[in-house]
Amino acid sequence: MELREVIGNRRSIRYLDPDRPVELEKIQCMLEAARIASHFGNNNAAQALVVHRDTATDEQWSCLPSPVGGFQMKMANVVILWYIHLDAMDEAGKRLRELVHCGALGYGPDRFEELEKTLVPLFDETAEFLKLPGMVDMDMGQAVAQATLMAFEQGLGTCCQGSGDWSKVEKAFNIPENCRIVVAQTVGYPLEDPATGGQRPRLPFEKLFQLNAIDNPFPRSPEVVEELARDRMLQEPATADNAEREAEIEALRQKYNLPGAGMI
Ligand SMILES: Cc1cc2nc3c(=O)[nH]c(=O)nc-3n(C[C@H](O)[C@H](O)[C@H](O)COP(=O)(O)O)c2cc1C
């Protein structure tokens, strides 16, 4: 499957096979993909603790939140707790030096001394600012996006789980104070059709993107849309009255004795 089709087919999969274990090698592939994502200043602050159903305690598993589709933790075989390690920012100068020394920035070998006097102190000084929500959450988004595509490529389904309060989870897993969980990601083999009824709704393109001025929508070429549709990146939207999709989900609800969405 070409990248465009992969992007088009990547959807949140909420119904996962609770009886089919996920190989840890596949989780490793997801983590390898996250590790090599772009990170601001190459800090690698986006880190993860993998929770494996077979080996985690019941107490640990039961504190994992699933606020929207409450059944999801019952179905997942693995949950990845993605957290930001704020200490990583304290090494900003060191990481920058590495980037320059490996030739990524094009500084040139005769300018290392200049680097030590200019960019390195600047990065060191901004460490506290970089710990604030913002850039570092962007790092996390990039890492999770790459891990998600890797999961899909290996036949796995995933869904991110948000929470307004991670303190119980952080306590249950002894996450250090200088770390902040951003999201939990359920992982397993999909029980639902990966197409899951079509493209989930999104705001109109013209409303989201502009060119040069905030009131000037980015011109959306119909030819490009057609090309992306041909390549199966842009797919038919999911509809409200899709009987086939409803039947699929209802069968899963009955088989696994699941409540509807929102029931935690
Ligand atoms: C940061 C983040 C948190 C999310 N939290 C939840 C959640 O708590 N429960 C849930 O069912 N889906 C959650 N989702 C999934 C979105 O609801 C999902 O992206 C949306 O339904 C669009 O569907 P798609 O991903 O299939 O395109 C989350 C997604 C992201 C990126």
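Before reading further, recall that the structure is shown in the block above.
Below you will find a few notes about this structure. Treat the numbers as computed from the prediction; the structure is a model and nothing was measured.

Quick notes on the site of the ligand
Here is step 1 of the chain: The full set of residues close to the ligand is Arg11, Ser12, Arg14, Pro67, Val68, Gly69, Cys159, Cys160, Gln161, Gly162, Val183 and Arg200.
Here is step 2 of the chain: Split by residue class, the shell around the ligand holds five nonpolar, four polar and three charged.

Brief notes about the nonpolar core
Inside soluble globular proteins, nonpolar side chains tend to come together where they are buried.
Here is step 1 of the chain: In this structure, Val79, Leu81 and Trp82 are the most contacted members of the largest nonpolar core, which totals 49 residues.
Here is step 2 of the chain: Sorting the residues of this core by element identifies helix H2 (24-35), strand S1 (46-52), helix H4 (72-75), strand S2 (78-85), helix H5 (92-101), helix H9 (135-153) and strand S4 (179-188) as the ones contributing at least two each.
Here is step 3 of the chain: Residue contributions to this core peak at eight residues, all from H9.
Here is step 4 of the chain: Excluding anything up to four places from it in sequence, Leu81 contacts Ala48, Leu49, Val51, Val169, Phe173, Ile181 and Ala184.

Here we look at helix H13 (residues 243-255)
Here is step 1 of the chain: Taking 1.5 Å per residue, 13 residues should reach 18 Å; H13 reaches 18 Å between its end C-alpha atoms and fits that length.
Here is step 2 of the chain: Of all 13 residues that make up H13, one are buried, and the element is exposed over most of its length.
Here is step 3 of the chain: Directly beyond the C-terminal end of H13, a positive phi value near 55° is found at Asn257.

Considering the environment of Lys171
Here is step 1 of the chain: With respect to the secondary-structure elements, Lys171 resides in helix H10 (residues 167-172).
Here is step 2 of the chain: The spacing of Lys171 and Gln60 is 111 residues in sequence and 9.5 Å in space, taken between C-alpha atoms.

Things to note about H9
Along an α-helix, residues three or four apart share an orientation, since each turn contains 3.6 residues.
Here is step 1 of the chain: Given a rise of 1.5 Å per residue, 19 residues ought to cover 27 Å, and the 28 Å separating the end C-alpha atoms of H9 matches this to within 8%.
Here is step 2 of the chain: Those residues of H9 that sit buried are Val136, Asp139, Met140, Ala143, Val144, Ala147, Thr148, Met150, Ala151 and Phe152.
Here is step 3 of the chain: Two residues or fewer after H9 comes Gly155, characterised by a positive phi angle close to 85°.

Reading the values: the criteria
- Residues numbered from 1 in each chain as written.
- Predicted model: local features only at pLDDT ≥ 70, side-chain atom pairs only at ≥ 80, totals over all residues.
- Near = placed C-beta within 6 Å.
- Nonpolar A, V, L, I, M, F, W, Y, C, P; charged D, E, K, R; others polar.
- Core = buried A, V, L, I, M, F, W, Y, C linked by C-beta atoms within 7 Å.
- Buried ≥ 20, exposed ≤ 12 C-beta atoms within 10 Å, placed from the backbone.
- Helix = DSSP H or I, 4+ residues; strand = E, 2+ residues; numbered from the N terminus.
- Contact = placed C-beta atoms within 7 Å.
- Expected span 1.5 Å × (residues − 1).

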